[in-house]
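Report on the structure
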Amino acid sequence: MENNNIKAYLSDVLKNMPDDWVRLTTHRLDIYDESKAKTQFIEQFEGLFNNKNANKESLAALPTAFDYIRLGHPLSCVLEWAVAKFNNLPTDGVISFASSTMPIMAILRKNLFAQKATRIVYTDSLPQHLDAERIKTVYGYNFELQKVGSINEVSAFQGSTIFLCQQEALFDISLTDEVDFFVSIHPHLGSLILANGEANQEYIGEIQHVRRRESIAMTPSNCQVALQLLTEQQTEESIANPSEQKQAVLSCIKDITGSNTKAIVGSSGLSVQYALMMGLIDYSQTEYAGKAIKFVVPPNCYGGTNDQARRVAACSENIEVVDLLVDSGNNMVDSLDSVLGKIAQEDAVAFIIVEIPTNPRVEVPDLEKLKQVLTESRKTANGEQAVDPVFIIDQTFCPNVSFLGEEDILSEVRTISYVSGSKFPSGGLCTAGYGLANKRGAALMDKIEEHLLLCDNEATDLQLALLAQQMPSMIQRIADAYVNTRAFVNFIKEQLPEAKINFVSEELAQQSFTPSVFSLDLPTKGDTAEERETYKRGLNNKLINMMIGQIAESKYCVSYGQLKGVYWTIPATSTQGTTKEEDKDYIARVSCSPNMDLEKHQQVFRQFVEEIQ
């Protein structure tokens, strides 16, 4: 009876839910408590369920579940809640993934550190991309495989048992005491992992962290289909001609980047970055066997990049993250020259990951000097030729700049570029990202593609369709958004000249560095550093609240490259994730769009200045 009540309620929810539950990639921070991600939403959702309330207004009033849909979203929370209810599990005991591989990898990773045995049990065959040998040699995970006729044949085991069930009937789940984790894998929608038993609750945080950093939650559209299947409703139609959509996207990528090498399209920018890192590790093990691997990363870059790099390095004694200082008076080029000299002396392999422009301070290095540092011939301590570095650029903030063409400034450097497609490529309509190399780095892409497939982190059909729809207009949207941003920046300088604004110079803009995001360091006062910081943070909140309170298209959320309006956030919160406290910037980040009410934003900013003076 309870299950029938749940299905009936979910049917009403699907009819009345806000369009934003399916459409948005980033959600409001002003109704979000990050310390209660998912739980606050579910607690209030369950309250509506208990009261049989599924009306539109009540559903729309629920708090933000997660700030960004890669981590989770309202429909993934609802789906997981329902599956947990059906299987008598705690609400957080069910976690959805767009990938069929990554929930398995989450258990393997935790057990690597716990030095705990893992058994993967399956019935007919393993998932297509689950390359057991490569998972052991490249990722360093240990496990054994066992094929059985049914779940009832699973015996006791000293360690963790993962049962894989590949099925169209995603919700046909049967838990037994011998199974610690049940992974239900749908051929098109993604997967659900269920943590069975109180002893396995300690894995939930780690599974969530893998979803947060190395994969994504089952997408909103696929969760909608899954819930329609659960409630026996007619499902949404599938995307027509997905192969044509993918070819259209690949064609756009080649046109924009000027590179004809193999491109990959992943479920998110971090999914692409993870494929890059693991593919490069695989390549290094083959081409530079025995040499240490150094990932060179700015400590205050995007938190996902920083955290993922350190998580990868933690799994192997042969891999280390080296800090690249690029802010607070440090110069990227000089820092890189110093770091590469030390790595060469150690006869190690350098993979450098940087953001150009940097985030959140929107700085661009001297590209000619950067080229000189990257192409410099270096020697090891023994006088042998050092391995030349691989330069990996996160171009999310300026995907229009050409770095990969044969005539471009880094053509003599093995260079890879990747972009989060949730920004300008899709205009905020999906999370998918893409990456590719220049001609000199082309040999790296085969391994990288193999790891994207192994992790089952490719873009979905809908993501590809959205990119195919939006990417042809991307260059023009970037240009139009820059015009609005420059006008807003100039206005702020006039109204509040003592504010420090981090934005590209006119000179850099002439070189195609035309981002539509700037950081705003508001003037402060106080006798001590603590007083000044407290006052500045208060001003940040006042400005954001005025903007979102008076302008409907102004939103307090994390993103960039959106189709309309202005997004406001403080980078040290959600956008920088696990960045160390001393490396955080508590300054406002402002993301403008090609379609915004510039005059209204200027009016509210003028009012803000009048109130604080």
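The text that follows walks through the structure, step by step, so that each part is easy to find.

Here we take up the sheet that holds strand 16 (residues 554-556). Spatial strand order, 14-15-18-17-16: five strands in an open sheet with mixed pairing. Looking at strand neighbours, the two that pair on one side only are strand 14 (500-502) and strand 16, the edges of this open sheet. Adjacent strand axes in the sheet meet at a mean angle of 25 degrees, parallel and antiparallel pairs treated alike. In terms of strand pairing, strand 15 (residues 517-521) meets strand 18 (residues 588-591) through four bridges, oriented antiparallel. Directly across from Phe518, in strand 18, lies its bridge partner Val590. Along the sheet, helix 17 (residues 474-495) makes contact with strand 14, strand 15, strand 17 (566-569) and strand 18, crossing strand 15 at roughly 15 degrees.

With their axes 10 Å apart at the nearest point, helix 19 (residues 529-550) and helix 20 (residues 598-612) run at an angle of 140 degrees to one another. Here helix 19 is positioned oblique relative to helix 20, judged by the angle of their axes. In terms of crossing hand, the pair formed by helix 19 and helix 20 is right-handed. The residues of helix 20 that touch helix 19, namely those facing Leu539, Lys542, Leu543, Met546, Met547 and Gln550, are Lys600, His601, Val604, Phe605, Gln607, Phe608, Glu611 and Ile612. Of the residues belonging to the contact of helix 19 with helix 20, the class tally is eight nonpolar, three polar and three charged.

We now examine the packing of aromatic side chains. All told, the structure shown has 21 aromatic pairs when counted by the stated rule. For the pair Phe488 and Phe518, a centre-to-centre distance of 6.1 Å together with 85 degrees between the ring planes defines the contact as edge-to-face. Of this pair, Phe488 sits in helix 17 while Phe518 sits in strand 15, and the two are 30 residues apart along the sequence. Taken individually, Phe488 and Phe518 each receive the classification buried, so the pair is uniform in this respect. The class of Phe488 is buried, set by a relative accessible area of 0%. Every member of this aromatic cluster is reached through a ring pair, and the members are Tyr482, Phe488, Phe503, Phe518, Trp568, Phe605 and Phe608. The ring of Phe66 carries Arg211 above its face, with NZ or CZ at 5.8 Å from the centroid.

Among the secondary structure elements, Thr460 is positioned in the loop between helix 15 (445-454) and helix 16 (461-470). Discounting chain neighbours no more than four positions away, the residues touching Thr460 are Thr219 and Asn222.

In this section: unusual backbone geometry. Of note, the amide linkage connecting Ile356 to Pro357 takes the cis form, showing an omega dihedral of -5 degrees. With respect to the helices and strands, the residue Pro357 is situated in the loop between strand 10 (349-355) and helix 14 (367-375). Phi is positive for Lys52, close to 55 degrees, though the residue is something other than glycine. Mapping Lys52 onto the fold places it in the loop between helix 3 (39-50) and helix 4 (56-60). Note on Lys52: relative accessible area 73%, which makes it exposed.

All right, on to the environment of Ile193 then. Mapping Ile193 onto the fold places it in strand 6 (residues 190-195). Using a relative accessible area of 1% as the deciding quantity, one classes Ile193 as buried. Taking the C-alpha atoms as reference points, Ile193 and Ile104, 89 residues apart in sequence, are found 8.5 Å from one another. The contacts of Ile193, once residues within four sequence positions are left out, are Gly93, Val94, Ile95, Phe97, Pro103, Ile107, Phe181, Phe182, Val183 and Ile207.

Once that is clear, we can look at the pattern of salt bridges. Any two side chains of opposite charge can pair, on the condition that their charged atoms come close. Under the criterion given, the structure shown has 30 salt bridges. Linking Asp521 and Lys536 is a salt bridge whose minimum nitrogen-to-oxygen distance equals 3.1 Å. Of the two residues, Asp521 sits in strand 15 while Lys536 sits in helix 19, which places them 15 residues apart along the sequence. For Lys536, the salt bridge identified is with Glu533, shortest N-O distance 3.8 Å. Highlighted residues: Lys536 and Glu533, both in helix 19, separated by three residues, approximately one helical turn.

In terms of nonpolar packing, the biggest core is built from 94 residues, with Leu336, Phe391, Phe488, Phe513, Phe518, Leu520 and Phe605 touching the most fellow members. Considering each element in turn, this core owes the most residues, eight residues, to helix 17. Beyond its immediate chain neighbours, meaning those up to four positions away, Phe488 contacts Phe518, Met547, Trp568, Val590, Cys592, Leu598, His601, Gln602 and Phe605. Of all hydrophobic cores here, the second largest spans 64 residues; its members include Leu108, Ile185, Val387 and Leu454.

This part takes up the sheet that holds strand 2 (residues 118-122). Adjacent strands of a sheet pair through backbone hydrogen bonds, lying either parallel or antiparallel. An order of 1-6-5-4-2-3 is seen for the six strands of this open sheet, with the pairing classed as mixed. If you trace the sheet from one side to the other, it starts and ends with strand 1 (94-97) and strand 3 (144-147), each paired once. The sheet shows a mean angle of 20 degrees between the axes of neighbouring strands, direction not considered. Relative to strand 6, strand 1 runs antiparallel, the two sharing four bridges. By the bridge assignment, Ser96 is partnered in strand 6 with Leu192. The strands that helix 6 (residues 102-114) touches are strand 1, strand 2, strand 4 (160-166), strand 5 (181-186) and strand 6; relative to strand 4, the one it contacts most, it runs at about 175 degrees. With respect to the sheet, helix 8 (residues 204-214) is in contact with strand 1, strand 5 and strand 6, its orientation differing from that of strand 1 by roughly 15 degrees.

Each value, and the rule that gives it
- Residues numbered from 1 in each chain as written.
- Predicted model: local features only at pLDDT ≥ 70, side-chain atom pairs only at ≥ 80, totals over all residues.
- Heavy atoms only, no water.
- Pairing = 2+ DSSP bridges.
- Helix = DSSP H or I, 4+ residues; strand = E, 2+ residues; numbered from the N terminus.
- Axes fitted to C-alpha atoms, helices over the stretch in contact; angles between N-to-C directions.
- Contact = heavy atoms within 4.5 Å.
- Parallel < 35°, antiparallel > 145°, perpendicular 65-115°, else oblique.
- Left-handed = near helix turned anticlockwise from the far one by under 90°.
- Nonpolar A, V, L, I, M, F, W, Y, C, P; charged D, E, K, R; others polar.
- Phe/Tyr/Trp six-rings, centres within 6.5 Å; stacked < 30°, edge-to-face > 60°.
- Buried < 20%, exposed > 50% of the residue type's maximum accessible area, 1.4 Å probe, protein only.
- Lys NZ or Arg CZ within 6 Å of the ring centre and 35° of its normal.
- Salt bridge = Lys/Arg side-chain N within 4 Å of Asp/Glu carboxyl O.
- Core = buried A, V, L, I, M, F, W, Y, C linked by side-chain atoms within 4.5 Å.

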